[in-house]
Amino acid sequence: MEAIQCPILKVRGSASTTVSDEAIERMKRVGKQFSSVDVEGPGHVVAADRPQTLIEVTRAFLGIPA
């Protein structure tokens, strides 16, 4: 994480048990350009459970208008 120089976005489903809150906080401390978004409802696979929300979050992160 320390060596990565580009922005990083972690999109996590609120019901996911794969990446803990503690892991997210650690990544925020170490990753200079790390940000995360929790999507309400889905488990680990946000792309399958809430594809439109993933698209919207990704577009906002990249600065692409809707």
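For the structure, see preceding data.
Owing to the predicted nature of the structure, the values given are computational and were not obtained by experimental measurement.

What counts as what
- Residues numbered from 1 in each chain as written.
- Predicted model: local features only at pLDDT ≥ 70, side-chain atom pairs only at ≥ 80, totals over all residues.
- Heavy atoms only, no water.
- Helix = DSSP H or I, 4+ residues; strand = E, 2+ residues; numbered from the N terminus.
- Polar contact = N/O pair within 3.5 Å; in protein donor to acceptor, adjacent residues only side chain to side chain.
- Contact = heavy atoms within 4.5 Å.
- Salt bridge = Lys/Arg side-chain N within 4 Å of Asp/Glu carboxyl O.
- Buried < 20%, exposed > 50% of the residue type's maximum accessible area, 1.4 Å probe, protein only.
- Core = buried A, V, L, I, M, F, W, Y, C linked by side-chain atoms within 4.5 Å.

Trainee: Account for the side chain of Ser16, naming residues and giving values.
Mentor: Of note, Ser16 is situated in the loop between strand S1 (8-13) and helix H1 (21-30). A polar contact of 3.1 Å, which involves the side chain of Ser16, links it to the backbone nitrogen of Thr18. Contacts of Ser16, omitting those with residues within four sequence positions, involve Pro42, Gly43 and His44.

Trainee: Give me the pattern of salt bridges: which residues, what numbers.
Mentor: If you walk through the whole model with that rule in mind, you get three salt bridges. Between Arg12 and Asp21 there is a salt bridge, and its shortest N-O distance comes to 2.8 Å. A relative accessible area of 9% places Arg12 in the buried class. Linked by salt bridges that have partners in common, Arg12, Asp21 and Asp38 make up one network.

Trainee: Just give me the short version of the nonpolar core, but keep the residues and values in it.
Mentor: The biggest cluster of nonpolar side chains holds five residues, and these are Ile8, Val19, Ala23, Ile24 and Phe34. Filtering out sequence-adjacent residues up to four positions away, Ile8 remains in contact with Met1, Gln33, Phe34, Ser35 and Phe61.

Trainee: Please provide a residue-by-residue account of the side chain of Arg12, values included.
Mentor: Looking at where Arg12 falls in the secondary structure, it is placed in strand S1. Among the polar contacts listed, one links the side chain of Arg12 to the backbone oxygen of Ser20, at a separation of 3.4 Å. A polar atom in the side chain of Arg12 sits 2.8 Å from the side chain of Asp38. Every residue in contact with Arg12, bar those within four places of it in the chain, is listed here: Val19, Ser20, Asp21, Ile24, Val37, Asp38, Val39 and Val46.

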